[in-house]
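Fold and geometry: a report
Read off the chains here:
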Amino acid sequence: MDRVLIIDDDIELCELLAARMSGEGFEIEAVHDGAHGLERALSREHSMVVLDLMLPAMGGLEVLRRVREQSPIPVLILTARGEDVDRILGLEIGADDYLPKPFNPRELIARIRAVLRRTVRVGTGTHPLIAGDIRLDPGAREARLQGRLISLTSVEFALLEMLLQHAGRIVTREELTESVLGRKLGPFDRVIDVHVSNIRKKLGVSQGVERIKAIRGSGYLLVVRAETK
Amino acid sequence: MKLAIQSLFLKIFFWFWATALATGIALVITFIFGPGRVPSRWHSSLTDTARSSGMIALAELERGGVPAASSYIESFERDTQLRACLFDLYGKPIAGRECETFADMLTRAATSRSAEFGVKYGIVRVALLLPGSGGSDYIFATELPAGPRAAFGMDTAAVVLRFGVAFSVSGFICYLLTLYLTGPILRLREAAQQLAGGMLSTRAAASIERRGDELGALGRDFNTMAARIEELISRQRQLIFDVSHELRSPLARLNVALDLARGGKAGDLPFNHMECDLARLDEMIGRLLIIARLDTAAVPLEMTSVNMTDLVGRIVDDARFEAQNRNVVVNLTTGESCHARGNAELLYSAIENVVRNAIRYAAAGTSVHVSLGPQGKSHLLLVIRDHGKGVPEADLQRIFQPFFRVAEARDRESGGAGLGLAIADRVLRIHGGTIRAENVQPSGLEIVIEIPAAELTPVS
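Values in this document were obtained by computation on a predicted structure and should not be read as measured data.

Another point: the overall build of chain B. Along the backbone of chain B there are 11 helices and 12 strands. Looking at chain B as a whole, 27% of its 460 residues are labelled buried. Sequence-distant contacts, at least 24 apart, represent 64% of the contacts inside chain B between residues at least 6 apart.

Dropping the structure here:
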């Protein structure tokens, strides 16, 4: 049974969600303030965190920042619809996906399942993927750059894995969204782009060129260069 | 009427007075310092007058010496109020007071051996050489009354100069006065227009506020009024925002509770209705929040170059599905690709609202026509035309107000909350564009959108 931590100050909503989701095979722990939520999120007792960004005292973004300092646990953020800035910030800090509030509970469950499927899944090919100085080991869920271990969130890992599998070829944003986030690409959906930008920051540039190239209007491509020099 | 020291009345009064005075003073100054010349036809009579006085003075000098000459000149000055002096040939004064006033004329009088004329302070002066009986020569210089015509001179250049001075001095001062009075009025007017145009933060300039006169008071009152209006409107907008925001928590709970009640299964009719209404409520609140946010403009929008041809194409593609269900065809006409500078997401939702609205009100079996093209050099023109019933002329403007719906359209079937066009209106205004509705013949409504075009950046 997957344990999911919900950090939301709406106590009644948490109770309803716990009741609804227990029927779907989830065990819900609800926490109603940021500080306590942070402590529980770092307890390693949960498979994922659902975090409302609108929290009193320690805000959701702050909780997320501190969680990410120590843990790659999948985090789904709940944002008020239209609060684009919070949403983008949340994704940049390292949230895996977002859902605008109020949400349909079926949608929430689907998103949670998609994220969990990705983390639980042991890589399709268990052999390591290598492109230039990047080495990804899906079995061990390890990513190395020039032999150095880099920390990726589960979405970032899945995204990079997908790009490595198709190294040198274009992967469309639609394909990436469906494979990595387990849902359809919506209009003005920038989630994939934020994740790519986060990965770029972690990988740095290679010989003065971005390793992941954006193909305008279609998608992304992992640049493979012959090691001539 | 109580007059403050700084009042406009006194200002106007004193300024006009000052203008009149300054003009007068300028005239007098040119009169005094202007170069004057004595008309030549008066020379002989003036010379005669001066010579006769001079001869007497000289005779007195030769008879009784310097004291006698001095006493004659003193009595001459007393009688005529005119100044006179007797000099030797080298310009050294012999009799008379304040003789240096003639100094400039002496050398010329001594060398030319004829009478020398001049005008100073509007009075004619003559200096001439007088032969003494002892063989030595003397110079006699005197002022003479010659009448105002002599002072003004007869030559036209001097007349033109004086009138010119009068015109330019009074004109310049009046210009400054007008500027001083009308400048702030014009600036206040500009501020009032901006305020009426929706820029609620507009205030009269500090330079107007600082004035002590009626215009300053008007400026301060204007600012008080503007601040009050801004406060009222922002409070109202904040209220809409807060209410919409607070409604979301119970809505979120209702969503979960409903889903829980139906046990995660679909099918039951009442539950379906409830879910449908919940979705509507959510949509409406979402749109209200968008409107509140656009009105307060708290967050600066991310503006990029938007390919409008692409955007409109996507909207039409998305809308075709809904149109099919209503048996309506959507046609799209676009030319070369057009770009606008703006927020793609907002523009998308604004235009989508208009297109969906057109589909909703189009009569079954008709078409909705969407066309996009350049309008002049600087704008894009987007026209969405349907073949529905149109809108009563009186309501053409009001359809852009939130929750406004044409009376007969107030049926459940039409759906929507009457917020779509209100959103479109605000989005376009933020982008510096306009949106208006027109009825077209034989039937139908045409929504005309104009939006500033972006300068095309070369595609890299």
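Here the narrative resumes.
Quick look at the overall build of chain A now. Across its full length, chain A holds 8 helices and 12 strands. Of all 229 residues assigned to chain A, the portion counted as buried reaches 38%. Sequence separation of 24 or more characterises 57% of the internal contacts of chain A that already satisfy a separation of 6 or more.

Let's shift gears to the sheet that holds strand β2 (residues 26-31) of chain A. Residues and elements named next belong to chain A. Pairing in this open sheet of 5 strands is parallel, and the strands run β2-β1-β3-β4-β5 from one edge to the other. Edge positions in the sheet fall to β2 and β5 (97-101), since each has one partner strand and no second. For this sheet, the mean inter-axis angle between neighbouring strands, taken without regard to orientation, is 20°. As judged from the 6 bridges shared by strand β1 (residues 2-7) and β2, these two strands associate in the parallel manner. Residue isoleucine 7 lies in a different strand from β2, and its bridge partner there is valine 31. Strands in contact with helix α1 (residues 11-22) are β1 and β2; relative to β2, the strand with the most contacts, it is inclined by about 170°. Sheet contacts for helix α2 (residues 34-41): β1, β2 and β3 (48-52); angle to β2, the most-contacted strand, approximately 140°.

Listed per partner, the contact involves 20 residues of chain A and 21 residues of chain B. Class assignment for the residues of the side of chain A that touches chain B results in 11 nonpolar, 3 polar and 6 charged.

This brings us to the sheet that holds strand β7 (residues 329-334) of chain B. Residue and element names in this part refer to chain B. One open sheet accounts for 5 strands, arranged β7-β9-β10-β12-β11; its pairing is mixed. Pairing within the sheet leaves two strands with one partner each, and these edge strands are β7 and β11 (434-439). Neighbour to neighbour, the strand axes of the sheet diverge by 15° on average, direction disregarded. Two elements, β7 and strand β9 (residues 367-375), share 6 bridges in a ladder whose sense is parallel.

So, about the packing of helix α9 (residues 308-325) of chain B against helix α10 (residues 344-361) of chain B. Residue and element names in this part refer to chain B. The contact between α9 and α10 brings their axes to 10 Å, and the two run at 35°. You can see that α9 and α10 cross each other, and the crossing is right-handed. Taken together, the residues of α10 that come into contact with α9 (itself represented by Leu311, Val312, Ile315, Val316, Ala319, Glu322 and Ala323) are Ala344, Leu347, Tyr348, Ile351, Glu352, Val355, Arg356 and Ile359. Taken together, the residues of the contact of α9 with α10 break down into 12 nonpolar, no polar and 3 charged.

This brings us to unusual backbone geometry. For residues that are not glycine, phi is negative in most cases, and the peptide bond is trans in most cases. In this structure, proline 102 of chain A follows lysine 101 of chain A across a cis peptide bond, with omega equal to 0°. Relative to the helices and strands, proline 102 of chain A resides in the loop between β5 and α5 (105-120). Residue asparagine 327 of chain B is not a glycine yet carries a positive backbone phi of 60°. Within the element layout of this structure, asparagine 327 of chain B appears in the loop between α9 and β7.

All names here are of chain A. Its 12 residues give helix α6 (residues 154-165) an end-to-end C-alpha distance of 16 Å, which sits within 8% of 16 Å, the value for a rise of 1.5 Å per residue. Counting buried positions over the 12 residues of α6 gives 9, a clear majority of the element. Of all the positions in α6, only Ser154, Val155, Glu156, Phe157, Ala158, Leu159, Leu160, Glu161 and Leu163 are classed as buried.

Another aspect to go through is the nonpolar core. In terms of nonpolar packing, the biggest core is built from 58 residues, with Val49, Leu51, Val75, Leu76, Ile77 and Leu159 of chain A touching the most fellow members. A per-element tally of this core places α6 of chain A first, with 6 residues. Setting aside its immediate chain neighbours within four residues, leucine 159 of chain A contacts Leu176, Val180, His195, Val196 and Ile199 of chain A. If you look at the next biggest cluster of nonpolar residues, it comprises 50 residues, including Leu288, Val391, Leu421 and Leu428 of chain B.

The next point concerns the packing of α10 of chain B against helix α11 (residues 420-430) of chain B. All names here are of chain B. Interhelical geometry of α10 versus α11 gives an angle of 140° and a closest axis separation of 8 Å. As judged from the angle between their axes, α10 and α11 are oblique. Note that α10 runs across α11; the crossing there is left-handed. Residues Leu346, Leu347, Ser349, Ala350, Asn353, Val354, Arg356 and Asn357 of α10 touch α11, and the partners they reach there are Gly420, Leu421, Ile423, Ala424, Val427 and Leu428. Split into classes, the residues belonging to the contact of α10 with α11 amount to 9 nonpolar, 4 polar and 1 charged.

With respect to the helices, strands and loops of the structure, arginine 65 of chain A is situated in helix α3 (residues 60-70). The sequence separation of arginine 65 of chain A and alanine 95 of chain A amounts to 30 residues, and the corresponding C-alpha distance is 9.2 Å.

All names here are of chain B. Secondary-structure assignment places isoleucine 173 in helix α5 (residues 156-196). Distance from isoleucine 173 to phenylalanine 16, taken between C-alpha atoms, is 8.9 Å for residues 157 residues apart in sequence. With residues near it in sequence (within four places) discarded, isoleucine 173 still touches Ala18, Thr19 and Ala22.

All names here are of chain B. Averaged over all residues, the pLDDT of chain B equals 81, while 88% of them reach at least 70. In this model residues 410-414 is a low-confidence stretch, pLDDT under 50, and it forms 3 contacts with partners more than four residues away in sequence or in other chains. Taken over the whole predicted complex, pTM reads 0.61, whereas the ipTM for its chain interfaces reads 0.79.

So, on to helix α3 (residues 103-112) of chain B. Residue and element names in this part refer to chain B. When α3 is considered as a whole, its buried residues turn out to be Met105, Leu106 and Ala109. Down the axis of α3, the buried set is contained in an arc of 110°. They therefore lie on one face. In α3, the exposed residues that point more than 90 degrees away from the buried face are Arg108, Thr111 and Ser112. Buried positions along α3 lie against β1 (84-88), β3 (116-120), β4 (123-131) and β5 (137-144).

Criteria and thresholds
Residues numbered from 1 in each chain as written. Chains lettered and ligands numbered in written order. Predicted model: local features only at pLDDT ≥ 70, side-chain atom pairs only at ≥ 80, totals over all residues. Helix = DSSP H or I, 4+ residues; strand = E, 2+ residues; numbered from the N terminus. Buried ≥ 20, exposed ≤ 12 C-beta atoms within 10 Å, placed from the backbone. Contact = placed C-beta atoms within 7 Å. Pairing = 2+ DSSP bridges. Axes fitted to C-alpha atoms, helices over the stretch in contact; angles between N-to-C directions. Nonpolar A, V, L, I, M, F, W, Y, C, P; charged D, E, K, R; others polar. Left-handed = near helix turned anticlockwise from the far one by under 90°. Expected span 1.5 Å × (residues − 1). Core = buried A, V, L, I, M, F, W, Y, C linked by C-beta atoms within 7 Å. Parallel < 35°, antiparallel > 145°, perpendicular 65-115°, else oblique. pLDDT = per-residue confidence, 0-100. Arc of directions from axis to C-beta.

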